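Per-entry structural report
What follows is the residue order along each chain.
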Amino acid sequence: MILKGKKGIVFGALDNQSIAWKVAERCVEEGAQIVLTNAPVAMRMGEINKLAEQCKAPVIPADATSLEDLENLVQKSVEHFGGKVDFVLHSIGMSVNVRKGKPYTDLNYDWMQKTFDVSAISFHKTMQTLWKLDAISDWGSIVGLTYIAAQRVFPDYSEMAESKALLESFARSFGYHLGTAKNVRVNTISQSPTMTTAGQGIKGFQEFFDYADKMSPLGNAPAEACADYCIALFSDLTRYVTMQNLFHDGGFSTMGMNPALVQ
Ligand SMILES: NC(=O)c1ccc[n+]([C@@H]2O[C@H](COP(=O)([O-])OP(=O)(O)OC[C@H]3O[C@@H](n4cnc5c(N)ncnc54)[C@H](O)[C@@H]3O)[C@@H](O)[C@H]2O)c1
């Protein structure tokens, strides 16, 4: 029960494969109260209501690119909790160019803007909304999910690589402001390839997944283990970890070559 008494907002649970879904389940197991949120369009699939029932959590729809929706979400969450928010998970990613099959050398820039807005600027917008409404508790914790394509080249990841680089930079920059003002920490977790809707949207994802799995001494980190790591970061056991990009990848990021792959 390391989150007993804590209150958090979980973005991005689409279905039971979603990393955010596992995080929501683990938060509640560890004694937290949560609010679930996703884009109104994702609500129509109806899956999130099952999770809400299981977690005894309200669902407050918000398009994470809309400041109006985010303000409504934060205000309603504070009302629901009867106090400030202790932790937030940002688990949102979507590339319009990848979805539409545009090659990296022929990107549509309007779509790219949309990709950055959904996948990265929404993280800044969420933190700015929490800041302006003074809705995050002292010693709170904010986590965003990212991928190693921010540092290394994975050609099929396309413009999502730049989205993740931006997301990680927002964690550092806003981490400074939130840390100085309120001792709030902001980190990103760089997760292994994971079989989810967003993951499988990337071309050649199975090969990607298998390669990383073989390269990593511990194998790919599953979504459930990512949820455990999020819980650790939301808990009081990690109060001085901030402005970090934390690899949760079975060792992949440190490997040069693995004989298992050559064989
Ligand atoms: N699956 C992987 O291989 C992998 C690896 C590393 C990092 N990540 C990251 O983990 C996070 C979660 O992805 P996932 O793999 O669980 O996939 P997922 O498809 O289950 O989750 C992505 C979520 O983003 C939400 N979303 C999209 N547009 C939105 C908007 N405008 N407003 C609010 N929400 C919106 C979707 O509805 C969905 O719930 C993403 O940031 C993703 O990039 C995934």
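Here goes a summary of the coordinates provided. Since we're looking at a predicted model, the values are computed, not measured. (Residues numbered from 1 in each chain as written. Predicted model: local features only at pLDDT ≥ 70, side-chain atom pairs only at ≥ 80, totals over all residues.)

Focus: the overall build of the protein chain
Keep this limit in mind: Secondary structure elements are taken from DSSP: a helix is a run of H or I of four residues or more, a strand is a run of E of two residues or more, and numbering for both begins at the N terminus. In this description the radius of gyration comes from C-alpha coordinates, and the expected globular size is given by 2.2 Å times residues to the power 0.38. Here a residue counts as buried when 20 or more other C-beta atoms sit within 10 Å of its C-beta, as exposed when there are 12 or fewer, and as partly exposed otherwise, the C-beta atoms being derived from the backbone. Note that contacts rest on C-beta atoms placed from the backbone: two residues are in contact if these are within 7 Å.
The helix and strand tally for the protein chain stands at eleven helices and six strands. Taken over the C-alpha trace, the protein chain has a radius of gyration of 18 Å; the compact-globule value for 263 residues is 18 Å, and the two agree within 12%. Its C-alpha atoms give the protein chain principal-axis dimensions of about 55 × 40 × 40 Å. Considering the protein chain as a whole, with its 263 residues, one finds that 44% of them fall into the buried category. Restricting to contacts in the protein chain with at least 6 residues of sequence separation, those with at least 24 account for 72%.

Considerations on the site of the ligand
Selection rule: Any residue qualifies as near a molecule or strand once its backbone-derived C-beta atom lies within 6 Å of it. Residues are grouped as follows: Ala, Val, Leu, Ile, Met, Phe, Trp, Tyr, Cys and Pro are nonpolar; Asp, Glu, Lys and Arg are charged; every other residue, Gly included, is polar.
Residues in close proximity to the ligand total 27 residues, the closest being Ser 18, Gly 93, Thr 196, Ala 198 and Gly 199. Elements represented by at least two residues in the shell around the ligand include exactly helix H1 (19-29), strand S4 (136-146) and helix H8 (197-200). Residue classes in the shell around the ligand are distributed as 14 nonpolar, twelve polar and one charged.

Digging into the pairing of strand S3 (residues 85-90)
It is a general feature of regular strands that their side chains alternate between the two faces of the sheet. Selection rule: Note: two strands are recorded as paired if DSSP finds a minimum of 2 bridges between them.
Taken across its six residues, S3 has six buried, putting it largely inside the fold. Note that strand S1 (residues 7-11) and S3 share three bridges and pair parallel. Its bridge partner being in S3, Ile 9 is matched across the sheet by Val 88. Bridge analysis of S3 against S4 gives five bridges, and the strand direction is parallel. Considered in S4, the bridge of Leu 89 is made with Val 143.

Focus: the sheet that holds strand S2 (residues 33-37)
For clarity, the threshold we go by: Axis geometry follows a simple rule: fit a line to the C-alpha atoms, using only the stretch in contact for helices, then measure angles between N-to-C directions, giving values from 0 to 180 degrees.
A sheet is described by the order of its strands in space; here six strands give the open sequence S2-S1-S3-S4-S5-S6, paired in parallel fashion. Strands with a single pairing partner mark the edges of an open sheet, and in this sheet they are S2 and strand S6 (245-248). Each neighbouring strand pair of the sheet contributes to a mean axis angle of 20°, computed without reference to strand direction. Looking at chain direction, S1 and S2 are connected through five bridges and run parallel. From the neighbouring strand, Gly 8 faces S2, where its bridge partner is Ile 34. Of the strands in this sheet, S4, strand S5 (185-191) and S6 are in contact with helix H7 (residues 160-182), which crosses S5 at around 155°.

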